[in-house]
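Here is what each chain is made of, one letter per residue.
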Amino acid sequence: MTTHGIHHRTTTVRGHEIHYREAGPADAPVLLLLHGFPTSSHMFRDLIPLLSDLPHSRLRSSGGTPIRMIAPDHLGFGRSAAPAATAFPYTFDQLAEITGEFTELLGLKEYALYIQDYGAPIGLRLALAHPERVTAVITQNGNAYEEGLGAEAWAPVLALIAGRTPETEAPVREISSPDGIKWQYLHGVADPTLVSPDAYEHDAALMARPGQPEIQLDLISDYGSNLALYPAFQEYFRTSQVPLLAVWGGHDEIFVPAGALAFRRDLPGAEIHLLPTGHFALETHADQIARLMRDFLDRHLTTAHG
């Protein structure tokens, strides 16, 4: 399958239109790709074609079928609906419920998770609710441990969580500004010319839409709910021993490498790769990540689906 085989679809969840990218046969093992802040399924634009163009000996189930990839835009992001913050309660619990209903509308009985940034607490809530549905986890700077929180990057967010005031909101608003978004893409990247400006300019344009400042402040203010669930996420890892691959930008200052290494505390078999790049590792290392995923999913999805 080549890039022209990627479909751009929509479905409706609770009256809200959800946009998603899809590639692969409907009866193949599923990889559910959950993006982070401030992006959308656009972050997978390079990865999906790389995983779609696999030779017949790789990333195949025992029945010989390729992978089915589904990458939704979270509500409020990308091309999905973005109801005003006064009309929808933007919390991670709510986004996870929307995503869970999305998977059920599509008839997904089981799936591997690719989680990055915001996609981690959303996807791991799905795993807590239905551990039997999750066949494997790929985490790309998708955190579940306190030691993964970069101190400097998280200081203003933790202050906002502790008390939401105009003073604590001000520095957090900058995270969604064009400069703040550009920093997220370029920090930790040895050669910034490898990062297409299209990526951060695309996100900045969507974050500039009316209502976005309120939406994003509500979500960031709710991030404490994710921290409170870290013990439950870790218990899920210990109980399930779900196969896990960490392909992590090792120079990320938002979710630092200690967060990747911490998975081995609960999942001794976790496969961890620290790549010489930043928070959005796919922008510079999509080929390497795809190769690691090919090997990992070929082994684990064949077992789960076969």
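Every value quoted in this text rests on a predicted model; they were computed, and no experiment measured them.

Caption draft 1: Region of interest: the sheet that holds strand β7 (residues 244–249). Spatially, eight strands are ordered β1-β2-β4-β3-β5-β6-β7-β8 in an open sheet, and the strand pairing comes out mixed. Each end of this open sheet is capped by a strand with a single partner; those strands are β1 (7–13) and β8 (271–275). Taken over all neighbouring pairs, the strand axes of this sheet differ in orientation by 20° on average, direction set aside. Relative to strand β5 (residues 111–115), strand β3 (residues 30–34) runs parallel, the two being bridged by four bridges. Residue Leu31 lies in a different strand from β5, and its bridge partner there is Ala112.

Caption draft 2: Here's a closer look at the packing of helix α6 (residues 178–186) against helix α7 (residues 197–207). Contact geometry for α6 and α7: axes closest at 9 Å, N-to-C directions at 145°. Note that α6 runs across α7; the crossing there is right-handed. On the side of α6, the interface is formed by Pro178, Ile181, Lys182, Tyr185 and Leu186, while α7 contributes Ala199, Tyr200, Asp203, Ala204 and Met207. Partitioned by chemical class, the residues of the contact of α6 with α7 number eight nonpolar, no polar and two charged.

Caption draft 3: Main features of the confidence of the model for the protein. Here the protein shows a mean pLDDT of 93. Residues at 70 or above account for 93%. Confidence over residues 54–65 falls short of pLDDT 50; this stretch has 28 contacts with residues more than four positions distant or in other chains.

Caption draft 4: View of the environment of Arg209. Here Arg209 is to be found in the loop between α7 and α8 (212–221). Separated by 17 residues in the primary sequence, Arg209 and Pro192 have C-alpha atoms spaced 27 Å apart. Beyond its immediate stretch of four places on either side in the chain, Arg209 contacts Gly76, Phe77 and Gly78. Side-chain polar atoms of Arg209 contact the backbone oxygen of Leu206, separated by 2.9 Å.

Caption draft 5: Quick peek at the packing of helix α3 (residues 119–129) against helix α9 (residues 224–240). It is the contact of α3 with α9, at a shortest axis distance of 10 Å, that shows an interaxial angle of 50°. Between α3 and α9, the angle falls in the class oblique. Handedness of the crossing formed by α3 with α9: left-handed. Contacts between α3 and α9 involve Pro121, Leu124, Arg125, Ala127 and Leu128 from the former and Ser225, Asn226, Leu229, Ala232, Phe233, Tyr236 and Phe237 from the latter. Split by residue class, the contact of α3 with α9 holds nine nonpolar, two polar and one charged.

Caption draft 6: How the structure looks around unusual backbone geometry. Note that the residue after Phe37, namely Pro38, is joined by a cis bond; omega there is 0°. Position of Pro38 among the secondary structure elements: in the loop between β3 and α1 (47–52). Despite not being glycine, Arg14 shows a phi value in the positive range, around 50°. Counting through the fold element by element, Arg14 comes out in the loop between β1 and β2 (16–23).

Caption draft 7: View of the packing of aromatic side chains. Counted by the stated rule, this structure contains 18 aromatic pairs. Where Phe92 meets Tyr223, the ring centres are 5.5 Å apart and the plane angle is 85°; that geometry is what we call edge-to-face. With Phe92 in helix α2 (residues 92–105) and Tyr223 in the loop between α8 and α9, the pair connects residues that are 131 residues apart, well separated along the chain. When its relative accessible area of 0% is taken as the criterion, Phe92 is described as buried. Look at Tyr223 and you get buried, because its relative accessible area is 3%. Ring geometry for Tyr185 versus Tyr200: centroids 6.2 Å apart, planes at 55°, classification tilted. In this pair, Tyr185 is assigned in helix α6 and Tyr200 in helix α7, connecting sequence segments 15 residues apart.

Scoring rules and cut-offs
Residues numbered from 1 in each chain as written. Predicted model: local features only at pLDDT ≥ 70, side-chain atom pairs only at ≥ 80, totals over all residues. Heavy atoms only, no water. Pairing = 2+ DSSP bridges. Helix = DSSP H or I, 4+ residues; strand = E, 2+ residues; numbered from the N terminus. Axes fitted to C-alpha atoms, helices over the stretch in contact; angles between N-to-C directions. Left-handed = near helix turned anticlockwise from the far one by under 90°. Contact = heavy atoms within 4.5 Å. Nonpolar A, V, L, I, M, F, W, Y, C, P; charged D, E, K, R; others polar. pLDDT = per-residue confidence, 0-100. Polar contact = N/O pair within 3.5 Å; in protein donor to acceptor, adjacent residues only side chain to side chain. Parallel < 35°, antiparallel > 145°, perpendicular 65-115°, else oblique. Phe/Tyr/Trp six-rings, centres within 6.5 Å; stacked < 30°, edge-to-face > 60°. Buried < 20%, exposed > 50% of the residue type's maximum accessible area, 1.4 Å probe, protein only.

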